[in-house]
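# Chains, contacts and geometry: an overview
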Amino acid sequence: MRIMTRAAVLLVFGLAAFLTVRAQTSASVAEVQLFTSVNRARRAEGLPALKWNDALAAAARRHAGVMAQRGAAEHGFAGEPSLASRVTQAGGHFVWLSENVVQGSAVETIQAEFLKSPNHRANMLDSDMDSIGVGVVERGGQLFAVEDFSKAK
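Residues numbered from 1 in each chain as written. Predicted model: local features only at pLDDT ≥ 70, side-chain atom pairs only at ≥ 80, totals over all residues. Heavy atoms only, no water.

### Details of the sheet that holds strand β3 (residues 131-139)
The four strands lie next to each other as β1-β3-β4-β2, forming an open sheet whose pairing is mixed. Edge positions in the open sheet fall to β1 (51-52) and β2 (94-104), since each of these has one partner strand only. Two strands pair when backbone bridges link them, and β3 and strand β4 (residues 142-152) are joined in this way by nine bridges, in the antiparallel orientation. When the sheet's bridge partners are listed, Val137 is paired in β4 with Phe144. Sitting on the sheet, helix α3 (residues 54-70) is in contact with β1, β2, β3 and β4, with an inclination near 30° to β3. Lying over the sheet, helix α5 (residues 107-116) contacts β2 and β4, oriented at roughly 125° with respect to β2. (Pairing = 2+ DSSP bridges. Helix = DSSP H or I, 4+ residues; strand = E, 2+ residues; numbered from the N terminus. Contact = heavy atoms within 4.5 Å. Axes fitted to C-alpha atoms, helices over the stretch in contact; angles between N-to-C directions.)

### With respect to α5
Among the residues of α5, Val107, Ile110, Gln111 and Phe114 are the ones counted as buried. On an axial view of α5, the arc spanned by its buried residues comes to 95°, and they lie on one face. Projecting away from the buried face of α5 at angles above 90 degrees are the exposed residues Glu108 and Lys116. Buried residues belonging to α5 abut α2 (29-44), β2, α6 (118-124) and β4. (Buried < 20%, exposed > 50% of the residue type's maximum accessible area, 1.4 Å probe, protein only. Arc of directions from axis to C-beta.)

### A closer look at the environment of Ala49
Relative to the helices and strands, Ala49 is located in the loop between α2 and β1. Overall, Ala49 belongs to the partly exposed group, its relative accessible area being 44%. A C-alpha to C-alpha distance of 8.5 Å links Ala49 and Ser131, two positions 82 residues apart in sequence.

As structure tokens, this is what we get:
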């Protein structure tokens, strides 16, 4: 019974976070699912949830779009601004930044890849970070996902 109650509470909190982010932003369902998954992983490690940041999300979406156009998941391409420049151009203010990028067929696959990778997992669970923006662009049946993390100024 305790497990069912706990699962119900997690479902309610997850749904509340989903509806809150969707109502306050232009985030896609996939973006909100990744945001919720990151915070679920953080809670499991006793870390505070990250706050959604629209400037980080705008920078992440733009970069996800570039990745989709190029058909590859990379942190940067020739001629593209750096992560710090992309976030600043989107209106972000930060002390620290980090980024996860991946290409996958489904949100669940993407989140599993992020959790499996020591570097991506470390970014998600970095206790210095307090904000996140997620961008997901679909092209040719593939999702190109970017998670931008920051310690806000």
